[in-house]
Amino acid sequence: RFMDECLYLYMEEDMKKIVKFGGSSLADANQFKKVKDIIQEDESRKFVVCSAPGKRHGKDNKVTDLLLMCYQLASHDLGYEEVLDQIEMRFQSINDELDLGIALDFLFEEIKHNIENGASEAYLVSRGEYLNGILLAKYLDFEFVDACEVIKFKEDGRLNSELTEELLSERLKKAGNAVVPGFFGSDEEGNIVTFSRGGSDITGSIVADAIHADLYENWTDVPGFLIADPNIVENPEPMGKVTHKELRELSYMGAPVI
Ligand code: ASP
């Protein structure tokens with residue numbers, strides 16, 4: 001029994017978990033606090049993949065949608081500054097409320113400069129994950145690992161999985177604890193390439209695979225799977241138990257959060 005316990009302790013210590021948090025889980029400073037609590041609860045949660053800030057409430061905008069809007073306005077020679085200012089304000093309020101002291105004005109100057117010089121759509125829409133990753137890494141006291149250094153795409157737009165695995169495992173071993181922004185990487189020339197929308201989940205699984213993680217935890221910001229849509233039914237109960245097959249069927253039928 002003693003041996004069993006030693007083995008168990010040894011295994012626990014060596015566990016590596018990747019945790020991915022989506023946009024609504026990182027939508028504001030309060031959500032950042034919950035995420036920190038979850039990560040600090042378990043030492044094996046060493047590597048974090050994040051999305052861009054999502055909606056804080058029903059009528060809110062996702063930062064990625066706003067960035068896309070900026071790109072479209074800029075590419076039609078229309079004023080994009082107002083939308084970019086709104087994005088900056090969202091990040092600034094997280095920065096201020098958590099007292100992170102990150103020079104966001106400098107980072108936004110750089111983004112503006114790149115827009116003026118014809119930045120690509122992929123570059124611009126990926127800035128939500130990039131900036132959120134910088135804020136989250138500072139808040140957690142983890143290292144920030146820019147996805148464009150470790151997630152690599154081939155010329156034909158497909159993932160270069162061998163190179164990605166090599167770069168990721170090497171870089172993350174060195175870092176110990178790290179935040180990697182989801183949704184993007186870069187090609188051989190260093191140009192930003194994104195996955196399709198919602199692609200931070202894919203980044204999470206790539207990171208988990210590259211470092212041979214014991215577990216890939218994909219967190220969302222609801223307490224469980226509810227028995228009815230809370231937009232229609234008031235205070236529905238969460239389901240006590242659900243099988244994988246039932247869950248799969250529900251997702252095919254369009255249940256939005258699993
Ligand atoms: N932020 C991106 C999107 O809104 C990617 C993601 O969240 O996974 O699609």
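Note: the structure precedes this text.
These figures come from a predicted structure and were not determined experimentally.

On to the overall build of the protein chain. Across its full length, the protein chain carries 10 helices and 7 strands. Here the C-alpha atoms of the protein chain give a radius of gyration of 19 Å, agreeing with the 18 Å that 2.2 N^0.38 yields for 258 residues. Reported as C-alpha extents along the three principal axes, the dimensions of the protein chain are approximately 70 × 50 × 40 Å. Within the protein chain, buried positions represent 43% of all 258 residues. Side-chain charges of the protein chain comprise 27 positive and 49 negative groups, with the mean position of each set lying 4 Å from the other.

Below, the discussion takes up the packing of aromatic side chains. Under the definition given, this model contains 5 aromatic pairs. Consider the rings of Phe 32 and Tyr 139, whose centres lie 6.2 Å apart with planes at 50 degrees: the pair is tilted. Residue Phe 32 is found in helix α2 (residues 29-40), and its partner Tyr 139 is found in helix α6 (residues 121-140); the two are separated by 107 residues along the sequence. Each member of the pair, Phe 32 as well as Tyr 139, carries the same accessibility label: buried. Relative to Phe 108, the ring of Phe 91 has its centre 6.3 Å away and its plane inclined at 45 degrees; by these criteria the two rings are tilted. One end of the pair, Phe 91, is in helix α4 (residues 81-97); the other, Phe 108, is in helix α5 (residues 104-116), with 17 residues separating them in the sequence. The residues Phe 91 and Phe 108 share a single accessibility class, namely buried. A cation over a ring is seen here: Lys 36 above Tyr 139, with NZ or CZ 4.2 Å from the ring centre. Here Arg 127 stacks its cationic end above the ring of Tyr 130, 4.3 Å away from the centre of that ring.

Quick look at the side chain of Asp 187 now. Within the secondary structure, Asp 187 is located in the loop between β5 (184-186) and β6 (192-194). One buried charged residue, Asp 187, remains without a salt bridge, the closest side chain of opposite sign being Lys 152 at 6.6 Å. Not counting the four nearest positions on each side in its chain, Asp 187 is found in contact with Lys 152, Phe 153 and Val 193.

Before going further, it helps to examine the site of the ligand. Looking at the ligand, the residues that line it are Ser 51, Thr 64, Glu 129, Phe 183, Arg 197, Gly 198, Gly 199 and Ser 200. The contact in question runs from an oxygen atom of the ligand to an N or O atom on the backbone of Ser 200, over 2.9 Å. Out of a free accessible area of 260 Å², the ligand has 91% covered by protein chains.

Our next topic: the pairing of strand β1 (residues 17-21). Buried residues dominate β1, accounting for 5 of its 5 residues. Alternating residues of β1 divide into Lys 17, Val 19 and Phe 21 and Ile 18 and Lys 20, and every residue in both groups is buried. Summarising the sheet, β1 and strand β2 (residues 45-50) pair through 5 bridges and their orientation is parallel. Following the sheet pairing, Ile 18 is matched in β2 by Phe 47. Crossover handedness for the path β1 to α2 to β2: right-handed. Bridge count between β1 and strand β7 (residues 215-219): 5 bridges; the pairing is parallel.

Time to look at the environment of Ala 29. On the secondary structure map, Ala 29 appears in helix α2. By relative accessible area, which is 1% here, Ala 29 ends up buried. Leaving out residues up to four positions away in the same chain, Ala 29 has contacts with Ile 94, Glu 97 and Leu 98.

Quick look at the side chain of Gln 31 now. Note that Gln 31 resides in helix α2. Not counting the four nearest positions on each side in its chain, Gln 31 is found in contact with Ser 24, Ser 25, Leu 26 and Asp 221.

It is worth spelling out the pattern of salt bridges at this point. Counted according to the given criterion, the structure contains 8 salt bridges. The partner of Asp 42 in a salt bridge is Lys 17, with the nearest N and O atoms 2.5 Å apart. Taken together, the residues span a long stretch of sequence, with Asp 42 in the loop between α2 and β2 and Lys 17 in strand β1 at a distance of 25 residues. Of the two residues, Asp 42 and Lys 17, neither departs from the other in class, the shared state being buried. For the salt bridge of Lys 20 with Asp 201, the shortest nitrogen-to-oxygen distance reads 2.8 Å. Of this pair, Lys 20 sits in strand β1 while Asp 201 sits in helix α9 (residues 200-210), and the two are 181 residues apart along the sequence. One network of salt bridges, in which partners are shared, links Glu 41, Arg 45 and Glu 217.

About the criteria used
- Residues numbered from 1 in each chain as written.
- Predicted model: local features only at pLDDT ≥ 70, side-chain atom pairs only at ≥ 80, totals over all residues.
- Heavy atoms only, no water.
- Helix = DSSP H or I, 4+ residues; strand = E, 2+ residues; numbered from the N terminus.
- Rg over C-alpha atoms; globule rule 2.2 N^0.38 Å.
- Buried < 20%, exposed > 50% of the residue type's maximum accessible area, 1.4 Å probe, protein only.
- Lys, Arg positive; Asp, Glu negative; His and termini not counted.
- Charge placed at Lys NZ, Arg CZ, Asp CG, Glu CD.
- Phe/Tyr/Trp six-rings, centres within 6.5 Å; stacked < 30°, edge-to-face > 60°.
- Lys NZ or Arg CZ within 6 Å of the ring centre and 35° of its normal.
- Salt bridge = Lys/Arg side-chain N within 4 Å of Asp/Glu carboxyl O.
- Contact = heavy atoms within 4.5 Å.
- Near = heavy atom within 4 Å.
- Polar contact = N/O pair within 3.5 Å; in protein donor to acceptor, adjacent residues only side chain to side chain.
- Areas by Shrake-Rupley, 256 points an atom, 1.4 Å probe, with all protein chains shown as cover.
- Pairing = 2+ DSSP bridges.
- Right-handed = clockwise from strand over helix to strand, strands pointing away.

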